[in-house]
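Topology and contacts: notes
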Amino acid sequence: MNRFGSSCRESAALAELIDTHCHLDVAEFVDDYHLVRQRAAAAGVCELILPAVDRAGWPRLLEVCRLESGCRPALGLHPLYLQRHGPGDVEELSRRIEAGEVVAVGEIGLDFWEQPSETLRRRQLELFEAQLRIARQASLPVLIHARKAHDQVLAVLRRLRFGRGGIVHAFSGSRQQAQCYIDLGFVIGVGGTITYQRANRVRGVVADLPLSALVLETDAPDIPPAHHRHERNSPEFLPEILHCLARLRDQEPRLVAATTSRTARTLLRLT
Ligand SMILES: [Zn+2]
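It should be emphasised that the depicted structure is a prediction, and the values quoted were computed from it without experimental measurement.

From N to C terminus, the protein includes 10 helices and 8 strands. Against the globule reference of 18 Å for 271 residues, the protein gives a C-alpha radius of gyration of 17 Å, in line with a compact fold. Within the protein, the fraction of its 271 residues that count as buried is 56%. Sequence separation of at least 24 residues holds for 72% of the intrachain contacts in the protein that already meet a minimum separation of 6. Accessible surface, the protein as shown: approximately 12100 Å² in total, 49% of it carbon and sulfur. Computing the positive centroid from 34 side-chain charges and the negative centroid from 33, the protein places the two 4 Å apart.

Set out below in structure tokens:
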């Protein structure tokens, strides 16, 4: 039970939704994160997973999770911000993960969008592998960030025999790549991208995959859904992603909500 329990039940009328990727701890929400959390609860979003980007942000992220009910922390070192990560950060991550209190390691992965040099690719790979080992040791799932790098991410997961699974956040790969992740015990994070008609391929992929392989996310404050394209994204918009997904799959929103929430709960061991 949490202090938003009643408003969740009243307005959800569907099921309790879980935003599996939401940066409520970042500067864009510093003035009103509590109000945003309340509005998200009123929209039926009862749990939010807050993924980390760098070590400097961990204390704030953990604080927001302490202050706001239903907010669960993940800690990790994001592949895009190599210059922010110091030599002791992986060891510190390991210590904090062992101390408990997080639901996942993330966000971690590979980002080859801007065609990094060989050296930077290698550093991303080393960082990713080190964090996968930490997650494996702690038997925690991972939140994967992958751009232009799905085949490389899949190769690392196979090579390390990473068996705990996780969420491939903001997935925009092919149907075949999605299936490879699913075969490795992962699920696909579905966000605001699917609300744009031009996102043909990913709309087709999420319509075709088994419902049991999908979870919902906003990635707020980034990737706002189409109706809010010029606004700051917010977890309160999660129902729009739900309804869009249900429409694309020609399924009842209630079924999509219940199934995606159950999948997230099981994977992340939310109690
Ligand atoms: Zn993110």
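So, on to the side chain of Thr263. In this fold, Thr263 is placed in helix α10 (residues 253-268). By relative accessible area, Thr263 is classed as buried at 14%. At a separation of 2.9 Å, a polar atom in the side chain of Thr263 contacts the main-chain carbonyl oxygen of Thr259.

Turning to the nonpolar core, a few remarks are in order. One finds Leu24, Leu75, Phe128, Leu132, Val142 and Tyr181 to be the most contacted residues of the largest nonpolar core, which totals 68 residues. By residue number, the principal contributor to this core is helix α9 (residues 238-249), which donates 6 residues. Filtering out sequence-adjacent residues up to four positions away, Tyr181 remains in contact with Ala146, His150, Val153, Leu154, Leu157, Val168, Phe171, Phe186 and Ile188.

Now for the sheet that holds strand β6 (residues 166-168). Hydrogen bonds between backbone atoms are what pair the strands of a sheet, whose relative direction is either parallel or antiparallel. Strands sit in the order β1-β2-β3-β4-β5-β6-β7-β8 across an open sheet of 8 strands; the sheet is parallel. The open sheet has two edge strands with one neighbour each: β1 (17-19) and β8 (214-216). Between one strand axis and the next, the sheet turns by 30° as a mean value, whatever way the strands run. Alignment of strand β5 (residues 142-147) against β6, held across 3 bridges, turns out to be parallel. Paired with Leu143 across the strands is Ile167, a residue of β6.

Before going further, it helps to spend a moment on the pairing of strand β2 (residues 45-50). Counting buried positions along β2 gives 6 out of 6 residues, so the element sits mostly inside the fold. Alignment of β1 against β2, held across 3 bridges, turns out to be parallel. Following the sheet pairing, Asp19 is matched in β2 by Leu48. Handedness of the β-α-β unit built from β1, helix α2 (residues 33-42) and β2 comes out right-handed.

According to UniProt, the feature "binding site: a divalent metal cation 1" (unreviewed entry) maps to His21, His23, Glu107 and Asp219 in the numbering used here. These annotated residues cover 199 residues of sequence, and their C-alpha atoms all fall within 11.3 Å of one another, placing them together at a single site. Mapping His23 onto the fold places it in the loop between β1 and α2. Accessibility expressed as a relative area gives 6% for His23, which makes it buried. For Asp219, the location among the structural elements is in the loop between β8 and α9. For Asp219, a relative accessible area of 7% gives the class buried. Of note is the side chain of Asp219, whose polar atom sits 3.3 Å from the side chain of His23.

Okay, the pattern of salt bridges next. For side chains of opposite charge, pairing can occur when their charged atoms come near one another. All chains considered together, the criterion is met by 14 salt bridges. Here Arg96 and Glu92 are joined by a salt bridge, their closest N and O atoms 3.0 Å apart. Note that Arg96 and Glu92 are positioned in helix α4 (residues 89-98) at a spacing of 4 residues, about one turn of the helix. For Glu92, a relative accessible area of 12% corresponds to the buried category. A salt bridge links Arg159 to Glu129; its shortest N-O distance comes to 2.8 Å. With Arg159 in helix α6 (residues 150-159) and Glu129 in helix α5 (residues 118-138), the pair connects residues that are 30 residues apart, well separated along the chain. With a relative accessible area of 49%, Arg159 lands in the partly exposed category. Within the structure, one salt-bridge network assembled from shared partners comprises Glu16, Glu47, Arg72 and Arg265.

How each quantity is defined
Residues numbered from 1 in each chain as written. Predicted model: local features only at pLDDT ≥ 70, side-chain atom pairs only at ≥ 80, totals over all residues. Heavy atoms only, no water. Helix = DSSP H or I, 4+ residues; strand = E, 2+ residues; numbered from the N terminus. Rg over C-alpha atoms; globule rule 2.2 N^0.38 Å. Buried < 20%, exposed > 50% of the residue type's maximum accessible area, 1.4 Å probe, protein only. Contact = heavy atoms within 4.5 Å. Areas by Shrake-Rupley, 256 points an atom, 1.4 Å probe, with all protein chains shown as cover. Lys, Arg positive; Asp, Glu negative; His and termini not counted. Charge placed at Lys NZ, Arg CZ, Asp CG, Glu CD. Polar contact = N/O pair within 3.5 Å; in protein donor to acceptor, adjacent residues only side chain to side chain. Core = buried A, V, L, I, M, F, W, Y, C linked by side-chain atoms within 4.5 Å. Pairing = 2+ DSSP bridges. Axes fitted to C-alpha atoms, helices over the stretch in contact; angles between N-to-C directions. Right-handed = clockwise from strand over helix to strand, strands pointing away. UniProt positions renumbered as here; feature names shortened; annotations may be inferred. Salt bridge = Lys/Arg side-chain N within 4 Å of Asp/Glu carboxyl O.

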